[in-house]
Every structure is written in structure tokens, then in C-alpha cells.
2 protein chains.
Amino acid sequence: MNLSKTSKYAFRILSHMAKDEKALYSAQQLHKEIDVPEKYLRRLLTDLSKHGFIKSIQGRQGGFTFNRDINQITLLEIVDAIDGLDSINECILGYESCAFSHSCPMHNIWEETKQKTIKTLTDTTLSDIHKSIVGVN
Amino acid sequence: MNLSKTSKYAFRILSHMAKDEKALYSAQQLHKEIDVPEKYLRRLLTDLSKHGFIKSIQGRQGGFTFNRDINQITLLEIVDAIDGLDSINECILGYESCAFSHSCPMHNIWEETKQKTIKTLTDTTLSDIHKSIVGVN
DNA sequence: TTTAAATGCTACTTGTTTATAGTATTTAAC
DNA sequence: GTTAAATACTATAAACAAGTAGCATTTAAA
Ligand code: FES
Ligand code: FES
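The structure displayed is predicted, hence computed values, not measured ones.

*Asks:* What is the right way to read the relation of the copies chain A and chain B from this model?
*Replies:* Turning one copy of the chain about an axis and sliding it along that axis gives the other copy, so a rotation and a shift relate them. Mapping chain A onto chain B calls for a rotation angle of 180° and an axial translation of 0.0 Å; the resulting RMSD is 0.0 Å. Expressed as a symmetry operation, the mapping of one chain copy onto the other fits a two-fold axis. Every residue of chain A has its C-alpha some distance from the rotation axis, and the shortest such distance is that of Asn2 of chain A, at 2.4 Å. The residues that chain A uses at the interface reappear at the interface of chain B in 100% of cases, marking a shared surface.

Structure follows, in C-alpha cells:
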């Protein structure tokens, strides 16, 4: 799997916001709390709004808040929105579309690990993240 | 895990060479067989030689052949040589050194998947690759 | 001994991702 | 209304990864 730095930033943002699901967060506040370059963070927040994960409130006293129930947002959706699903289904030898064919010499060796990764991303929602600290399973 | 395109190329090269462990392969031949840009491939082959996986034989009738027993070369060693171990131990939120600390909010959720990936890379050697096609386990 | 076929080296070019700068727009407080 | 604090947009810069070019070196065959 090839997770871009931008997707990691998205995880930072959304997992942080999930701590208090109903709160409104400003870009400046988030910048201080999760250490993502401010300008880049702003762009990413707008992007995440366009993808419908969060919504923006403009003007003074504005900011960002969730637009969907956080137990319905999976990690896979987030990666999909930023990097695309191809980044996850990638062939480990870099050949085209591992998802539909399975012809490369390392496919069998890698398949199980790949599925495990996809399963974790699919099964984990934003609401699971802070639960996990106390070991709920 | 963040596997660079170059590491994928390295996998292509070495897994292909592992089909006939004792053979001597020229860069030109490999280029035709595994579809890696020729100049880049040459550089990578030299690099893999310097890392001791293969050795080069210079001059006319030269080429590359394994320098070590292929059942002793793990996938992890290859990734380590090209991308470094950090690329594997990476924190999923992009914070520093997941390996020694484990303090980010998503660590617990990700840890098992990460370990599965590392285990596969550690346990798989070049000699396992072509065996796996007939389903040996 | 000349030539051809191979690797070795290093500098450069291209492409992609990440980051920044600057300006416009929105809206609540005053 | 004016101001201040927020997001939206777009162009550009910087950093990094991937790919190329060109020449030097090595060595076996002719
Ligand atoms: S085709 Fe290469 S890993 Fe599936
Ligand atoms: S510290 Fe973030 S995944 Fe381990």
C-alpha cells in the first residue's frame, strides 16, 4: 500500500476532530494541534469538505465540523478520496491492476497481506479510533 | 508501508533472476524481460551489487548473477536496502518513529496490520517466490 | 591489437508531490 | 456600514523521486 503524506495528514485531521465529534474546528486551531503546515492544511480541509466528510462554515466564527456520522466514515473512504483506490490495490511489482488480474510472480505471496490491510481500512471507522485506546474490540 | 517504485523494480529484477538462480543476466536482457527503463535499471543493478545481493561481471560477456543464496535473501532486506527500514516502520499519521514510541491515536488500530506486513516481508525469501505458484506453504 | 559488448559513473532533465504566497470572499461583532 | 476573523481560490515555488544522456572502463572475441 502506498499512503501519501497527504492521506496521513487527512487521517491526522479527521482522527483529531473525531475526539469531539460535534465541535467546530478552525484551520488555525487544527494547525496548532496536529502540526500540519497551515496553508496545506487549509487546502486539505477544503478538499475534505468537497468530499463530504466534513462541512465548512464560512465567515467569522466559522470553521469545520463533521458532515457525516463518524461511525460511518471508514479509513478506506478517506484514502480513496485522497489517493484513490489504485494506491491500495497496487501490484507489489508495480505492474498494472492487481485487483482484476493476478498474474505477477509475487501475487500469491502478497495477496493475504494486502487483504489484511484492506480489511483493516474497511472495518475501521473514525469512531473506532479513540475507543481503541482502551482496547475495545 | 510506503514502497517506492524503485523497490518494486528491485523486486521485479531479483524475483525474475531467482527463476534461474545460477544464470548470468545482462541489463539489456532484463530490460526486455521485466520492462524497467534501461538506464534506470542499470543504475539499480549496480546499486543492488553494491548491497551484495548480486555481483557484476564486467566486460564483454558480462552481466549480473546472485552473490548470495537466494533462500537467504528476504524481501525485507531488499526494501531496507532501497528505501530504508523507516519506510516500513512509518507511523500511519506520519509522526516520527512509530517503532520505538507508540503514542499516536491510531497506533493500536494499525499495529497488527503493520506487523503482518513486516512478518510477510521478513519470512519471504527470493526462493519462496516461484515455489508459491504451485501453492506450497 | 582492434573492436564490440558489456558495466560504472556522474551530471542533468523531467515529472510529481508537497508547501507557500497572495488575493478574494464570506459573515459575525462592533 | 466597517472591521476582523474566518474560509476559498489559484498560481507559483521548493523538494523529492524517477528517468535520461554521455562518456569512461573493462574484457572477450575477432
Ligand atoms: S498482480 Fe502483482 S501483486 Fe497482484
Ligand atoms: S506511532 Fe503512529 S502508528 Fe505507531
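Structure's up, so let's keep going.
*Asks:* Even after reading the chapter, I still don't get the packing of aromatic side chains, so can you show me in this structure?
*Replies:* The description of two aromatic rings rests on the distance between their centres and on the angle between their planes. Residue and element names in this part refer to chain A. What the rule picks out here adds up to two aromatic pairs over all chains. Pairing Tyr9 with Tyr40 gives two aromatic rings, centres 6.0 Å apart and planes at 75°, and the pair type is edge-to-face. Taken together, the positions of Tyr9 in helix α1 (residues 5-17) and Tyr40 in helix α3 (residues 38-50) put the pair 31 residues apart, joining distant regions of the chain. We classify Tyr9 as buried; its relative accessible area is 10%.

*Asks:* What am I meant to see in the pattern of salt bridges here?
*Replies:* A pair can form between side chains of opposite charge whenever their charged atoms are brought close. Per the counting criterion, the structure on display carries 13 salt bridges over all chains. Here Glu90 of chain B makes a salt bridge to Lys8 of chain A, at a shortest N to O gap of 2.9 Å. Highlighted residues: Glu90 of chain B in the loop between α5 (86-89) and α6 (107-123) and Lys8 of chain A in helix α1, drawn from two different chains. Here Glu90 of chain B falls in the partly exposed class, since its relative accessible area comes to 29%. When the shortest N-O distance is used, the salt bridge between Arg42 of chain A and Glu38 of chain A registers 3.0 Å. Separated by four residues within a single helix, Arg42 of chain A and Glu38 of chain A lie in helix α3, roughly one turn from each other.

Conventions used here
Residues numbered from 1 in each chain as written. Chains lettered and ligands numbered in written order. Predicted model: local features only at pLDDT ≥ 70, side-chain atom pairs only at ≥ 80, totals over all residues. Heavy atoms only, no water. Least-squares fit on C-alpha atoms with pLDDT ≥ 70 in both. Contact = heavy atoms within 4.5 Å. Phe/Tyr/Trp six-rings, centres within 6.5 Å; stacked < 30°, edge-to-face > 60°. Helix = DSSP H or I, 4+ residues; strand = E, 2+ residues; numbered from the N terminus. Buried < 20%, exposed > 50% of the residue type's maximum accessible area, 1.4 Å probe, protein only. Salt bridge = Lys/Arg side-chain N within 4 Å of Asp/Glu carboxyl O.

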